[in-house]
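# Secondary and tertiary structure notes
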Amino acid sequence: MYDPQRIERKWQDKWEQARIFEANPISDREKVFITSPYPYASGPAHIGHGRSFVNGDVFARYYRAKGYNVLYPMAFHITGTPVLAISSSIERGEENMIARMIEYVSLHTHEEKKVKEIVESFVEPWNVVNYFSSTYKSDFKSIGMSLDWRREFTTGDKLYNKLIEWQFHKLYDKGYLEKGEYPILYCPRDGNAVGEDDISRGDELNLDINEYTCIKFPFGDGYLVPATLRPETIYGATNLWINPSGIYVDANVNEEKWIISEEAIHLLVNQNKLVRVLRKFKGSELIGKKVKELFGDRELLILPGEFVDTSVATGVVYSVPAHAPYDYIALVDLQKDKDMQEKFKLDKEEIEGIKPIQIIDLPGFEDFPAKIYCERFKVESQEDFEKLDNATAENYKNEFYNGVLNDKCADYESLKVSDAVVKVVEELIENGKADKLYLPITKDLKCKCGERIIVSILKDQWFLNYTAGNWKEKAFECLNSMDIVPKKYRMNFEHIFNWLEKRPCARKRGLGTKLPFDKDWIIESLSDSTIYMSFYTIIHILKENGIQPDQLVIEFFDYVYLDIGDIQEVSKKTKINVGLLKQMQKEFFYWYPVDHRHTAIMHISNHLSFYIFHHVAIFPRKHWPKIISLIEPVIIEGQKMGKSIGNVIALADIQQNYSADLFRFYISHSADFGIMVDWREKQIQTVKNHIMRFYNFFVENVIAIKEVEGDIAHINSKYSKIVLSKCINKFIEAEKGLEELNLRKYLQLSFYEVFNLLQEYSKHTDNERDKLEVYKIVFPEWIKILSITMPHLCEELWEKLGKDNFISTEVWTDFNIDYTNIKLEREFDYVSDVVDDIMNILKIVKSSSPENIYLYTAPKWKQDVYEIINSKKGDFKEIMEQCKFSNDLMKNKNLISYIKSQIKERVWEKESNSLKEELILEEYRSYIEKRIMAKIHINSEYDPKNRLAKAVPFKPAIYIDL
RNA sequence: GCGGGAAUUGCCAAGUUUGGUCAAAGGCGCUGGACUCAGAAUCCAGUCCCGUAGGGGUUCGGGAGUUCGAAUCUCCCUUCCCGCACCA
């Protein structure tokens, strides 16, 4: 009885005790260094992690089986805020987080009290890290990972920090680091930058930042300053809107007098403006006054707009009724509203005289876009917020991508809106006519502390400048020399490489490594995980020898990684002895570069691109990465897997509920890399049965085959030789699949197709002895090739075969091509075709049990002509020339039609060689009769329907006596 | 919008790089049969349409083209998915 859980634990323990996956340099053996990105230790592993690591494991085992010395390590990522967020949420007693952590911890701990204790301990971030890294380890062990755990570390380790410091010193020296201004989300109460984890509902809201342009309209001795997202519409401004009941101020802003809403002061102050309030007043005071246009002599009227929100931007809005639905409808409303005009003592005629100014031409629009969109969305009044928002969005989208500025826009005429925006802002600011103001896209974004989040501008943000020097060129050079599998993703990389510019690389908070030359900053999590694979090569030596962080000075890595510096001096400086330094350098030089990195496609646009960039920045060409293979994510029953859907399947449950080998098989076989694995319970149960059948089939025969030699010389029947040949060819093909990193192809061939062959063989053969000989040869090869996917099951079967070593450490020899025989296979294919034809006819005539079936092979002249057609590759003229040499042929009235039909069939492209059909049929008589359950007569005189005329070479005519 | 990917016979999904051997692998589902007290499992047969002789017809998102020949190559269109920067 197949008991996967028992078998799996047994072998996992044995592997661990024998430490067979611990890899050390062996100087005369070729190596393969394969990695998948270290997982984040802020939660338990799920089957998505399972997919990439199992794939990696299958490759690692394959490389080992091919005789390579294989390093397959892993570590843990903890940089950034997620771990801190867990701790602070636990500390605050947040119920959602506590519930989630209880759920996570319960995966491995079933005692309620203990669970509670563990979750409480999470107030300390390192407890979170330690807990989840340990569950990862046990989960990964439970699915049979062949990892070298001695080389484990986390990105928060002091030793690791030293590596990252060195990396950033190098980047700094190369001139790839820069400082600049950068807007960030900011909580004024905490005085800190905030990210997704710090924001209420941060995971569902849009956390982008809008850049507003504040236009300085001259007004008295200062400026009235509306803010806009569409500065290119400045030429279409007709008036300004002020909320009459809002509070406004005269304020001194960086030595200029601005009129803005009271609430705006707070925003400006946090964006590096010096602000002093001079006077406070109600908005109504401004109504009816006028500002001067930026360009030209027009004066724009200040009008009442209740819709103006004084808490958004500057609380002042300029009106572009031709292109902004809100402005358009407000203007229409006001023009109709006599009471309002009365109330603010506005000039009726002047109000009516305000006409929208169209400054953007839009193909297919006869009227002002704002008007058309208001009509399209059936906007009735300025109170229809929802309709107005939709109308605005559509209006803007259309104008942004399709609109062109017209002749009212001076120098900007005929620019596309998308280009004009950038130019207008640039020039306005350059000329001192405008300023910038940043706001979160989402209104009322709240920090978890309750405070409203605003945008602050960091003046000295650190950036990595990917356009610096020849960095990009080198990255492309590396990419061009790499294998990307599947290759359809290469374009993706190229595009990302082109698009990468500057990227902030440090943050103000979170776990990680401090920037060595600016200790206020912590290196951001995607920037500190680019060359860490190098650390796998030496970390275990550092740990074993008790090397302390302060010993890992710049000279250390310079020497070990780059062979720079004098070893005596490095030793003196680091207080690490020369021998050890040499050993580490040797180990690094042995393992590096990373030969193969395997992960999900979501990492292309960030991690994998940075991985390449940072490697080319720091390491010489010989240490650049070589292969990246990519997978699509795992989905569950056709649905995305996610916390919010609540359908995440933890790796912790896999072995118990399914078994490691089943998981490994399913995850490897059910989809090619380029498509999503769909985790379907029903499908998995089917696969489970397949594996069970395989196990039973194997075990049923394992004793019997001990009686035979497993020697092809002892195999008598052709059929048996054919099956052996076919199996070996399948193995060879399957291995080609592995070489192409195509796991699905490899398993389809090595598991399903070989299994089908053997099952059919077992059913149709009548030579028991031969059968055992075949099995004796095939079985060991079979479980070897399957062992990389189902290592536990195959170890068990290996043991049952009487072997006393691990199949996991068995090096494959080449499959024995002496067992293959193409000629025999062709013969057999011919016979199978005949059987299929007979079956087909039986099906059509709906007869199941005829007694006699007659087969007629083609007459000699057809054979001869067939040879001619073959030799002339279907050239009709040449064929006829050749036929003319034979009078008999030329007299045959069927000749031309026969040649024509054979040419049409393109027979010369088929691989049938000169088979002696009659002999073959005779030889396979018993096989054929067994398959069709009738007696066959070959080339009998009896041919009542003259079927013989239909016979062509390799397609004998058939007559069934019904 | 930009960039990338995809569309195959009831469903999932190979095949496309290198055009012909493709009515198109495999799995699921469905239909019939065997086994069984029964079910599950397993096994056998069938599963685009027509056909009492191995054949014929119509298919690979839609349209046009190249070719003796197109699921595969070219062009246009439609639909869907993913990424678009500080969340890892």
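To start, this report covers the structure provided alongside it.

### Notes on the overall build of chain A
A count of helical and extended segments in chain A gives 36 helices and 31 strands. A compact globule built from 962 residues would reach a C-alpha radius of gyration of about 30 Å, whereas chain A, at 39 Å, exceeds it by more than 25%. Counting only C-alpha atoms, chain A reaches 120 × 80 × 55 Å along its principal axes. Expressed as a percentage of contacts within chain A between residues at least 6 apart in sequence, the contacts between residues at least 24 apart total 76%.

### As for the pairing of strand β25 (residues 627-631)
Extensive coverage of β25 is indicated by the burial of 5 of its 5 residues. Across the two faces of β25 the burial is the same, with Ile627, Ser629 and Ile631 and Ile628 and Leu630 all buried. The pairing of strand β20 (residues 483-485) with β25 spans 3 bridges and is parallel. Of the residues in β25, the one forming a bridge with Val485 is Ser629. Note that strand β24 (residues 596-600) and β25 share 5 bridges and pair parallel. Considered in β25, the bridge of His598 is made with Ser629. As for the winding sense of the linkage, the β-α-β connection from β24 through helix α22 (residues 604-618) to β25 is right-handed.

### Overview of the side chain of His598
Within the secondary structure, His598 is located in strand β24. His598 sits in the buried class, given a relative accessible area of 0%. At 3.0 Å, the side chain of His598 and the side chain of Asn55 are in polar contact. The contacts of His598, once residues within four sequence positions are left out, are Thr35, Ser36, Pro37, Ser52, Asn55, Gly56, Phe59, Ser629, Leu630, Ile631 and Phe673.

### Here we look at the environment of Asp208
When you line up the elements, Asp208 lands in the loop between β4 (192-193) and β5 (209-215). Using a relative accessible area of 45% as the deciding quantity, one classes Asp208 as partly exposed. Sequence spacing of Asp208 and Val119 is 89 residues, and the spatial spacing of their C-alpha atoms is 33 Å. Leaving out residues up to four positions away in the same chain, Asp208 has contacts with Pro440 and Ile441.

### Describing the sheet that holds strand β9 (residues 239-242)
Across a sheet, paired strands are connected by hydrogen bonds in the backbone, their directions being either parallel or antiparallel. Pairing in this open sheet of 4 strands is mixed, and the strands run β13-β14-β9-β15 from one edge to the other. Each having just a single partner strand, β13 (290-292) and β15 (316-319) make up the two edges of the open sheet. For this sheet the average axis-to-axis angle between neighbouring strands, irrespective of direction, equals 30 degrees. Where β9 and strand β14 (residues 299-304) come together, 4 bridges link them in parallel fashion. Within β14, the residue paired with Ile242 across the bridge is Pro304. On the sheet, helix α9 (residues 325-336) packs against β9, β14 and β15 and is oriented at approximately 85 degrees with respect to β9.

### Side note on the protein's contact with RNA strand B
Near RNA strand B you find 52 residues, and of these Tyr40, Tyr182, Pro504, Arg693 and Ile960 are the closest. Sugar and phosphate atoms form 56% of the subset of RNA strand B atoms that lie within 4 Å of the protein. With respect to RNA strand B, the side chain of Lys640 contributes an N or O atom lying 3.1 Å from a phosphate oxygen. Between RNA strand B and Gln748, the relevant distance is 3.3 Å, taken from a sugar or linking oxygen to a side-chain nitrogen or oxygen of the residue. Of all the secondary structure elements, the ones that give two or more residues to the surface near RNA strand B are α16 (490-499), β21 (502-504), α22, α25 (681-702), α27 (743-764), α30 (822-844) and β31 (957-961). Considering only residue class, the surface near RNA strand B consists of 17 nonpolar, 15 polar and 20 charged.

### Remarks on the sheet that holds strand β18 (residues 434-440)
In space, the 3 strands of this open sheet follow the order β8-β5-β18, with antiparallel pairing throughout. For this open sheet the edge positions go to β8 (227-228) and β18, each flanked by a neighbour on one side alone. Inspection of the sheet shows β5 paired to β18 by 7 bridges, in the antiparallel sense. Residue pairing across strands places Ile215 opposite Ala434, the latter belonging to β18.

### As for the pairing of strand β30 (residues 935-938)
Of the two faces of β30, only the one carrying Ile936 and Ile938 is buried; Lys935 and His937 on the other face are not. For strand β29 (residues 852-856) and β30, the ladder comprises 4 bridges, and the chain directions are parallel. Looking at β30, one finds that Tyr854 is bridged to His937.

### Examining helix α32 (residues 876-883)
Along α32, the residues classified as buried are Ile879, Met880 and Cys883. Take α32 and look down its axis: the buried residues cluster within an arc of 100 degrees, on one side only.

Quick notes on the rules
Residues numbered from 1 in each chain as written. Chains lettered and ligands numbered in written order. Predicted model: local features only at pLDDT ≥ 70, side-chain atom pairs only at ≥ 80, totals over all residues. Heavy atoms only, no water. Helix = DSSP H or I, 4+ residues; strand = E, 2+ residues; numbered from the N terminus. Rg over C-alpha atoms; globule rule 2.2 N^0.38 Å. Contact = heavy atoms within 4.5 Å. Buried < 20%, exposed > 50% of the residue type's maximum accessible area, 1.4 Å probe, protein only. Pairing = 2+ DSSP bridges. Right-handed = clockwise from strand over helix to strand, strands pointing away. Polar contact = N/O pair within 3.5 Å; in protein donor to acceptor, adjacent residues only side chain to side chain. Axes fitted to C-alpha atoms, helices over the stretch in contact; angles between N-to-C directions. Near = heavy atom within 4 Å. Nonpolar A, V, L, I, M, F, W, Y, C, P; charged D, E, K, R; others polar. Arc of directions from axis to C-beta.

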